[in-house]
Structures are given as C-alpha cells and as structure tokens.
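Observations on chain architecture
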Amino acid sequence: MLEVLNHPMITHKLTLMRDKNCTTKDFRENLDEIAELMAYEVCRDLPVKPVDIETPMGPCTGYTLSKEVVIVPILRAGIGLLDGIRRLVPTAKVGFIGLYRDEETLEPHEYFAKFPKELADSIVMIVDPMLATGGSAVAAIDMIKKRGAKQIKLVCLVGVPEGVKAVQTAHPDVDIYLAAMDDHLNEIGYIVPGLGDAGDRIFGTK
Ligand code: PRP
Ligand code: URA
C-alpha cells in the first residue's frame, strides 16, 4: 500500500522547507508540524478494542488502542519526525536505527540499533524524511523484521518512484506513506526537486 498524503497544509509547509533559503529553525519547525499532520493519517487504521467505562451520565462502551505503537527514526534525519508523531501518540515507545549512506556507492551502513522489547505484537513506524534509492529504508525494515516485527509502516516526507519500488519489491507487506512523490533521482542519488540533504538541513551541519 502506498499513500501520498496530498493535503494543502502539508504541501504548504513542505514548499516552505524546499526553499533553499529556509533557515535551519524554520526547516525543523515545519518538519515537526508536518510529522504531526502525517501521523494523523498514518494512525487512521490503528486497531482498537472496546472498553466499558462510566461517564458522568452512565455506562458507555468506548474504544482504546489495542496495540503498542513503536516509532523508529532512522538517524540522523528521522529524528526530525519523532516529536511531531509523539505528540499524537504520546504512549509510543521509541527505537533507533543508525544508518548512513555511503556517498560513492549509495549503500547504507549500520552504526546503531536499539529497540524496545515488544516489537512482534506492535505497530512499528519507521520514519525518515527521504526515500531516495530506498536502500536505507529496505535495510531498516530488514533489521526490524529480524527482531520480530510484523506490522510495519514506513513514513517518509519525500519519495521518488525508484525508492518506492525498491521497498515494495523487498517488502511488499509494508505500508508506505509519503507527503510528496517527487520526480526522480539525480546522478549522485539526490531527490529532484527534493529539498537537499535532510540531515544537514535539520541539524545545520552544512
Ligand atoms: C539520508 C536520509 C535517508 C537516506 C535516504 O540519510 O535521511 O536515511 O539518506 O537515501 P536512500 O533512500 O538512497 O538510502 P543520510 O545517509 O544522508 O544520513 P543522515 O540522516 O545522517 O544525514
Ligand atoms: N538523502 C537526502 O538527505 N536527500 C536526498 O535527496 C537523498 C537522500
């Protein structure tokens, strides 16, 4: 399943971020706001269970989440989506995957992994602003599945058809959510028009 969340507020904020003159502060703030808006849609199919409660007016059957949610940002840039999603799902647990993309080969390299215990029965949201070749996302999903996760959602800001295809081929069971589907990858593996290097723009490292 691929869902591109075409919402005017998401598109508006993403356009502000794409502008090369957007400051580090504005880039980070808009990403944080988009993350919360995306989370609203990504959570639309979360399973619920009935619970019997008493309102001040009498008995009532309500519904609460029936599964744990685990958010897994891919370091570094995925950190930029974490707080926005956690505002919507404050009970979510958080795991981390450290991956960097070799600038020459574009292959992902793992340097960190730390997860909560209960992945097998949780809804796991892997989050990263950029889905370029898809190498990092495929590697992250491999890592999560090895630890038992079965219900996985991949949440990215900007993707390209090449990256979507790579994930769908390797992991057809994973739902993919994008704020925008861009045109193509350039010869050095950057998304066009994209927004440049997401990690550098979030953390001001260039
Ligand atoms: C970026 C981005 C993704 C990856 C996408 O991270 O945040 O993780 O590249 O590219 P891919 O789909 O071709 O794998 P990067 O490796 O630059 O690390 P950073 O977040 O530390 O900047
Ligand atoms: N990683 C980024 O940060 N930006 C791209 O355009 C591609 C990969």
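**Observations regarding the packing of aromatic side chains**
- Scanning all chains against the criterion turns up one aromatic pair.
- Above the ring of Y190, the side-chain terminus of R101 is found at 5.4 Å from the ring centroid.

**Some thoughts on the site of ligand 2**
- In the vicinity of ligand 2, the contacting residues are R101, M130, A132, G189, Y190, I191, G196, D197 and A198.
- Backbone polar atom of G196 to a nitrogen atom of ligand 2: 2.8 Å apart, as the coordinates give it.
- In isolation ligand 2 exposes 240 Å². Once the protein is present, 89% of that is buried.
- Looking at the shell around ligand 2 residue by residue, the classes come out as five nonpolar, two polar and two charged.

**As for the pattern of salt bridges**
- What the rule picks out here adds up to 14 salt bridges.
- R44 serves as the salt-bridge partner of E41, at 2.9 Å between the closest nitrogen and oxygen.
- On the basis of relative accessibility, which here comes to 23%, the residue E41 falls in the partly exposed class.
- Since its relative accessible area comes to 58%, R44 is described here as exposed.
- As a salt-bridge pair, D200 and R76 come within 3.2 Å of each other at their nearest N and O atoms. Of the two residues, D200 sits in helix 6 (residues 198-203) while R76 sits in the loop between strand 4 (69-75) and helix 3 (79-88), which places them 124 residues apart along the sequence.
- One salt-bridge network, in which partners are shared between bridges, spans D32, E36 and R87.

**Observations concerning the nonpolar core**
- Formed by 39 residues in total, the largest nonpolar core has its most connected members in L14, M38, I85, L157 and L195.
- Here this core gets seven residues from one element, more than from any other, and that element is helix 2 (residues 24-42).
- Contact partners of I85, with chain neighbours within four places excluded, come to A35, E36, A39, I71, M125 and V127.
- If you look at the next biggest cluster of nonpolar residues, it comprises 26 residues, including L99, A140, C156 and V164.

**Examining the side chain of K153**
- Residue placement: K153 occurs in strand 9 (residues 151-159).
- For K153, a relative accessible area of 4% translates into the label buried.
- At a separation of 2.8 Å, a polar atom in the side chain of K153 contacts the side chain of D45.

**Details of a nonpolar patch on the surface**
- Together, V48, Y63 and L65 make up an exposed nonpolar region whose accessible area comes to about 310 Å².
- Residue position: L65 is located in strand 3 (residues 58-65).

**Here we look at the side chain of N30**
- Take N30: it is sitting in helix 2.
- Given a relative accessible area of 9%, N30 falls into the buried group.
- When neighbours within four sequence positions are excluded, N30 is seen to be in contact with K13, L16 and M17.

**A short note on the packing of helix 2 against helix 3**
- In contact at an axis separation of 7 Å, helix 2 and helix 3 are set at 45 degrees when each is read in the N-to-C sense. Judged by the inter-axis angle, helix 2 sits oblique to helix 3. As helix 2 packs across helix 3, the resulting crossing turns out to be right-handed. On helix 3, the residues touching L31, D32, A35, E36, A39 and Y40 of helix 2 are G80, L81, D83, G84, I85, R87 and L88.
- Considering only residue class, the contact of helix 2 with helix 3 consists of seven nonpolar, two polar and four charged.

**Quick look at the site of ligand 1**
- Among the 15 residues in the neighbourhood of ligand 1, the closest are listed as R101, D128, T133, G134 and S136.
- Between ligand 1 and T133, the relevant distance is 2.5 Å, taken from an oxygen atom to a side-chain nitrogen or oxygen of the residue.
- About the coverage of ligand 1: the protein hides 91% of its 500 Å² of free accessible area.
- Listing elements by their share of the shell around ligand 1, those giving two or more residues are strand 6 (96-101), strand 8 (123-131) and helix 4 (135-146).
- Among the residues forming the shell around ligand 1, the class breakdown is six nonpolar, five polar and four charged.

Procedures and definitions
Residues numbered from 1 in each chain as written. Chains lettered and ligands numbered in written order. Predicted model: local features only at pLDDT ≥ 70, side-chain atom pairs only at ≥ 80, totals over all residues. Heavy atoms only, no water. Phe/Tyr/Trp six-rings, centres within 6.5 Å; stacked < 30°, edge-to-face > 60°. Lys NZ or Arg CZ within 6 Å of the ring centre and 35° of its normal. Near = heavy atom within 4 Å. Polar contact = N/O pair within 3.5 Å; in protein donor to acceptor, adjacent residues only side chain to side chain. Areas by Shrake-Rupley, 256 points an atom, 1.4 Å probe, with all protein chains shown as cover. Nonpolar A, V, L, I, M, F, W, Y, C, P; charged D, E, K, R; others polar. Salt bridge = Lys/Arg side-chain N within 4 Å of Asp/Glu carboxyl O. Buried < 20%, exposed > 50% of the residue type's maximum accessible area, 1.4 Å probe, protein only. Helix = DSSP H or I, 4+ residues; strand = E, 2+ residues; numbered from the N terminus. Core = buried A, V, L, I, M, F, W, Y, C linked by side-chain atoms within 4.5 Å. Contact = heavy atoms within 4.5 Å. Patch = residues over 30% accessible without salt bridge, like charges linked within 9 Å, V, L, I, M, F, W, Y side chains within 5 Å. Axes fitted to C-alpha atoms, helices over the stretch in contact; angles between N-to-C directions. Parallel < 35°, antiparallel > 145°, perpendicular 65-115°, else oblique. Left-handed = near helix turned anticlockwise from the far one by under 90°.

Any link to function would need more than the numbers given here.
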